[in-house]
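# Structure at a glance
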Amino acid sequence: MTAKPIKTIGVFSSGGDAPGMNAAIRSVVRTAHYEGFNVIGIYGGYKGLLDENFKSLGPRSVANIIQRGGTILKSGRFLEFHEENIRKKAVNILNHHGIDALIGIGGNGTLAGLKALHDESHFPVIGLPGTIDNDIYGTDITIGFDTAVNTALEAIDRIRDTATSHDRLFIVEVMGHSAGHLALQVGLAGGAEEIFVPETQGAIEQTIHRIEQSVRSGKLASLLVIAEGYKGGGAYDLAKMLQEKLNLEARVCILGHIQRGGTPTAFDRTLASRLGAHGIKLVKTQTFGIMAGWTAGKECSVTLDQCLKENKTLNRDTLELARILST
Ligand code: F6P
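I will try to describe carefully the structure that is included in this document.

Conventions adopted
All residue numbers refer to position in the chain's written sequence, counted from 1. Two thresholds apply to this predicted model, a pLDDT of at least 70 for residue-level local features and 80 or more for giving and counting side-chain atom pairs, whereas whole-chain, interface and lining totals are computed over all residues. In computing side-chain values, all of the structure's heavy atoms are included and hydrogens and water are not. Only buried residues count toward a nonpolar core. Its members are Ala, Val, Leu, Ile, Met, Phe, Trp, Tyr and Cys residues joined through side-chain atoms within 4.5 Å. Each residue's exposure class comes from its accessible area (1.4 Å probe, protein chains only) as a fraction of the maximum for that residue type: buried when under 20%, exposed when over 50%, partly exposed otherwise. Numbering of helices and strands starts at the N terminus; helices are DSSP runs of H or I of at least 4 residues and strands are runs of E of at least 2. Pairs of residues are marked as contacts when any of their non-hydrogen atoms sit within 4.5 Å. Here a residue counts as near a molecule or strand whenever at least one of its heavy atoms sits within 4 Å of it. Two N or O atoms count as a polar contact when they lie within 3.5 Å, although within protein this holds only if one can serve as hydrogen donor and the other as acceptor, and sequence-adjacent residues are included solely when both atoms are side-chain atoms. Here, Shrake-Rupley sampling with a 1.4 Å probe gives the accessible areas, and only protein chains in the shown set may cover a residue. Three classes are used, and their members are as follows: Ala, Val, Leu, Ile, Met, Phe, Trp, Tyr, Cys and Pro are nonpolar, Asp, Glu, Lys and Arg are charged, and the others, Gly among them, are polar. At least two bridges found by DSSP between two strands is the condition for calling them paired. Axis angles are defined between N-to-C directions and span 0 to 180 degrees, where every axis is a line fitted to C-alpha atoms and, for a helix, only to the segment in contact. Stacked, tilted and edge-to-face are the three classes assigned to paired rings of Phe, Tyr and Trp, where Trp is represented by its six-membered ring and a pair needs centres within 6.5 Å; plane angles under 30 degrees give stacked, over 60 edge-to-face, the rest tilted.

### With respect to the nonpolar core
Counting 64 residues, the largest nonpolar core has I103 and L128 as its most contacted members. If one sorts the elements of this core by residue count, helix α5 (residues 145–166) sits on top with eight residues. Residue contacts for I103: discarding those within four places in its chain leaves I9, G10, V11, F12, V28, I126, L128, G279, I280 and V283. I93, L111, F123 and I136 belong to the second-largest nonpolar core, a separate cluster that totals 27 residues.

Pasting the structure below:
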C-alpha cells in the first residue's frame, strides 16, 4: 500500500506550556513551508482540535516569536481526549479540513494522545518533547527544561543571599510533576544542601540527621530543594518536621508557575528549532508515530511506543555528587 501524500500539516501545543514552544512552532512552520507543505495552526491543544479552532500559518505568521515564552497556539489539558469516541471525532475533523499529518508539542500526555490517534486510526503523527519537567523517555532533554532550570536558579541565588544574611534555613519547592529532574539540576547548580526528589523515598530520617550535622558543624544558612512530587510531604510538611525534630525554623518558598514563563534560553531556542526541523524531516520521509528527540548532542527519532512505555531515570550519581559538593 502506498502512503498517502502529505500536503497539509496541523501543528499544536498541549499540556503545560514550556519556554521554547514558540521557537518550535516557528521552526515547524518555516521548514514545512521550505519543503512545500501547508501548515494549519490548531489553537488550544486537543480541545482546539475538537472545536475546529484552526488558522492557516505561513512564514510571516511566526515572525518575532522565537524569543517569546509561552505558546502563540495556546495550550491546555483536555481529559476528554482519553475517550476513544472523542479521538475518532478528532480524526474526522482533521480529514474534513484536509489535514494530512499532525505535529504535537508537549509532554507525556500530549504524546499519549498522538500515539492513540496513530494506533487507532493510523493517522500520521509526530511528537516534539516540550515540558519543563524533562520527564520524557527517549530524549536527553525536553524543550523548556533549560529555561526553567535557569529561572529557578536565579530565584535560588537570590534566596541564598537573604538566607546567608539572616543565618536561615530555606526550603525551596520546584515543579517537575512526579519526577525530580528539575529539582536535581536546580539543586546541583544552586549548591543546595539537600535535594528531595520523588525517585528517592524513605531516606527522610537520614536526611534530617545530615541537616542536623551540617548545622552543628557551623553551617548557619542552608538551602534545601524539594520537588513538588516528593512523596514524603511538601515543603511545609518538611519545615514542620525540621521544627519538631531539630527545633529549626525554616522559611518556605514555592516557585510555582514562575518556572514556566519567560524568555527561552539560547539552548532552548536552538533545541526547539532543530527538533521542529527534524519533525518536518520525518514528515517528508513519511516516518510517523515518532517523537523527534535529542540524544548525545544531536537529533534522534524514537517511537512514541517506546517513549511512553519507559520511564526516564534520574541520574543517581548526580544526586550523590550534589550531596558531596554541599558538605
Ligand atoms: O508539566 C508541567 C507542569 O508545570 C508540572 O511541573 C506541574 O506539576 C504542572 O505542569 C502544573 O500544571 P498546571 O499549570 O495545570 O497547574
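Moving on from the coordinates now.
### Some points on unusual backbone geometry
In the Ramachandran plot, N64 falls in the positive-phi region, its phi being about 60° despite a non-glycine side chain. Structurally, N64 is set in the loop between β3 (54–57) and α3 (84–96). The backbone of Q286 shows a phi angle near 55°, a positive value even though the residue is not glycine. Relative to the helices and strands, Q286 resides in the loop between α9 (266–284) and β10 (290–295).

### Regarding the site of the ligand
Taken together, R77, T131, I132, D133, M175, G176, H177, E228, H257 and R260 form the complete shell of residues around the ligand. Within the side chain of E228, an N or O atom sits 2.5 Å from an oxygen atom of the ligand. Within the contact set of the ligand, an oxygen atom lies 2.8 Å away from a side-chain nitrogen or oxygen of R260. If the ligand stood free it would expose 400 Å²; the protein chains cover 72% of that surface. Each residue belonging to the shell around the ligand can be placed in one class, and the counts come to two nonpolar, four polar and four charged.

### Section: the sheet that holds strand β8 (residues 222–227)
Where strands meet in a sheet, backbone hydrogen bonds hold them as pairs that are either parallel or antiparallel. The strand order across the open sheet built from four strands is β7-β8-β6-β9, with neighbouring strands paired in parallel fashion. Each edge of the open sheet is held by one strand with a lone partner, namely β7 (194–196) and β9 (250–254). The average undirected angle you get between the axes of adjacent strands in this sheet is 20°. Contacts from helix α6 (residues 181–189) reach β6 (169–174), β7 and β8, with the element oriented near 175° to β7.

### Some points on the packing of aromatic side chains
Where two aromatic rings form a pair, the distance of their centres and the angle of their planes describe that pair. Throughout the structure, instances matching the rule amount to three aromatic pairs. Between F196 and Y230, the ring centres sit 5.4 Å apart and the planes meet at 70°, which makes this aromatic pair edge-to-face. In this pair, F196 is assigned in strand β7 and Y230 in the loop between β8 and α8 (235–246), connecting sequence segments 34 residues apart. With respect to burial, F196 and Y230 carry one shared label: buried. Linked through ring pairs, F12, Y46 and F81 together constitute an aromatic cluster.

### A short note on the environment of S217
Note that S217 resides in the loop between α7 (204–216) and β8. C-alpha separation for the pair S217 and C307, spaced 90 residues apart in sequence, amounts to 45 Å.

### Here's the deal with the pairing of β10
Among the six residues of β10, five are classified as buried, and the element is accordingly described as predominantly covered. Strand direction decides the pairing type here: strand β5 (residues 125–129) and β10, joined by two bridges, are parallel. Considered in β10, the bridge of I126 is made with I290. The turn joining β10 and strand β11 (residues 298–303), which pair antiparallel and follow one another in sequence, is formed by two residues; a positive phi near 45° is taken by A296.

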